[in-house]
Protein chains: 2
Amino acid sequence: MKNSQLYKGSLTTIVMKLLEENGRMYGYEITQKVKEITQGELKITEGALYPALHKLEADGVLEVEVENVDNRLRKYYKLTEKGTTETVNRLAELEDFIRNMQTLVQPKITN
Amino acid sequence: MKNSQLYKGSLTTIVMKLLEENGRMYGYEITQKVKEITQGELKITEGALYPALHKLEADGVLEVEVENVDNRLRKYYKLTEKGTTETVNRLAELEDFIRNMQTLVQPKITN
DNA sequence: TTATATACATAAAAATCTTAGGTATAAATT
DNA sequence: AATTTATACCTAAGATTTTTATGTATATAA
């Protein structure tokens, strides 16, 4: 996704958080939601998203419900119980990460 | 580095920022400094760091000065002019990244 | 004397993402 | 009517980055 490589490694955390917040979402919806929230700054590519969703499903983090809407296929994903627990951990890690990065980058306070 | 995969993609940004701040550093020193700043939370592995330093040098972002201290080799790295410019961009990207991640993760404010 | 700390390095494998396609339907535009 | 855009899924080759596992060598601490 996007130009900055800082987002590498954050895709699954983003997906899990969105599902925690919204109950269930389908892939395309996730790409649109992220674009909307970040005002176009972050664009999740489908080539990254779909394999990631499949892996999370295979790992028992997500479960899928296939539906047919307007003659088009939709695969709704939601967190499993395991996934919900994992999400809590992930968000704690994200907070630590952000805190650490801010500490590393923070200009020194001059006295 | 570390367990959390969120740090993937942030290594070069961290290195560049530290060099901007400290003028010049050698590899081992960088690993220790990061450990110190993050209070042991983030450990940069040498298997990731040394290839990254070599790549930054090859890309003209860093230049190296080899010195012999206490009969041990040290390779001091510092930012080139190009590297200094790059660092400014990187730090701006990092700020955007952190801001976006916070927006994504931030619990909705209920009215 | 053995382990730990310092200081560099590489190479195979794993993980993740980009890029570049592909299929198909519905709606909007020309 | 025809073409483009939006919706909705998918994969596969290649690039990049990191992990894991080593390797070398000196100095210091236990």
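Above: the structure in question.
The text that follows walks through the structure, step by step, so that each part is easy to find. Note that the structure is predicted; figures quoted are calculated from it, not measured.

A look at the environment of B:Val34
Stage number 1. Take B:Val34: it is sitting in helix α2 (residues 27–37).
Stage number 2. Counting along the chain gives 16 residues from B:Val34 to B:Leu18, while the straight-line C-alpha distance between them is 8.8 Å.

Examining helix α1 (residues 11–22) of chain A
Stage number 1. Taking 1.5 Å per residue as the helical rise, α1(A) with its 12 residues ought to reach 16 Å, and the 17 Å between its terminal C-alpha atoms agrees with that figure.
Stage number 2. One or two residues past the end of α1(A) sits A:Gly23, with phi positive at roughly 80°.

Description of the pairing of strand β3 (residues 72–79) of chain B
Residue and element names in this part refer to chain B.
Stage number 1. Pairing analysis gives two bridges linking strand β1 (residues 25–26) to β3, with the strands arranged antiparallel. Bridge pairing in β3 places Tyr26 opposite Tyr76.
Stage number 2. Here eight bridges tie strand β2 (residues 62–69) to β3, and the two strands are oriented antiparallel to one another. Paired with Val64 across the bridge in β3 is Tyr77.
Stage number 3. With antiparallel pairing between neighbouring strands as the criterion, β2 and β3 make up a hairpin whose turn holds two residues, including Asp70 at a positive phi of roughly 55°.

Some words on the interface of chain A and chain B
Stage number 1. Listed by partner, the interface residues are 33 residues for chain A and 33 residues for chain B.
Stage number 2. Across the chain A/chain B interface, buried area totals approximately 3300 Å², and carbon plus sulfur atoms make up 65% of it.
Stage number 3. The largest per-residue losses of area from chain A upon contact with chain B belong to A:Leu6, A:Phe97 and A:Leu104, which jointly make up 22% of the total buried on that side.
Stage number 4. At the junction of chain A and chain B, the tally comes to two salt bridges.
Stage number 5. Between B:Arg99 and A:Glu41 there is a salt bridge; the shortest N-O distance is 3.4 Å.
Stage number 6. Linking chain A with chain B are eight residue pairs in polar contact (both at pLDDT 80 or more).
Stage number 7. Sorting the residues of the side of chain A that touches chain B by element identifies α1, α2 (27–37) and α4 (81–105) of chain A as the ones contributing at least two each.
Stage number 8. Per-element accounting of the side of chain A that touches chain B gives the leading share, 14 residues, to α4(A).
Stage number 9. Taken together, the residues of the side of chain A that touches chain B break down into 13 nonpolar, 11 polar and nine charged.

Observations regarding the relation of the copies chain A and chain B
Stage number 1. Mapping chain A onto chain B leaves a residual RMSD of 0.1 Å; the transformation is a rotation of 179° accompanied by 0.0 Å of translation along its axis. Both copies of the chain, as the preceding transformation shows, are related through a two-fold rotation axis. Ranked by how close their C-alpha atoms come to the rotation axis, the residues of chain A are headed by A:Lys8, at 2.9 Å.

Comments concerning the sheet that holds strand β1 (residues 25–26) of chain A
Residue and element names in this part refer to chain A.
Stage number 1. With antiparallel pairing, the three strands of this open sheet are ordered in space as β1-β3-β2. Lying at the two open borders of the sheet, with one neighbouring strand each, are β1 and β2 (62–69).
Stage number 2. Those strands touched by α1 are β1, β2 and β3 (72–79), and its axis lies near 90° from that of β3.

Calculation notes
- Residues numbered from 1 in each chain as written.
- Chains lettered and ligands numbered in written order.
- Predicted model: local features only at pLDDT ≥ 70, side-chain atom pairs only at ≥ 80, totals over all residues.
- Heavy atoms only, no water.
- Helix = DSSP H or I, 4+ residues; strand = E, 2+ residues; numbered from the N terminus.
- Expected span 1.5 Å × (residues − 1).
- Pairing = 2+ DSSP bridges.
- Contact = heavy atoms within 4.5 Å.
- Buried area = accessible area lost by both parts, 1.4 Å probe.
- Salt bridge = Lys/Arg side-chain N within 4 Å of Asp/Glu carboxyl O.
- Polar contact = N/O pair within 3.5 Å; in protein donor to acceptor, adjacent residues only side chain to side chain.
- Nonpolar A, V, L, I, M, F, W, Y, C, P; charged D, E, K, R; others polar.
- Least-squares fit on C-alpha atoms with pLDDT ≥ 70 in both.
- Axes fitted to C-alpha atoms, helices over the stretch in contact; angles between N-to-C directions.

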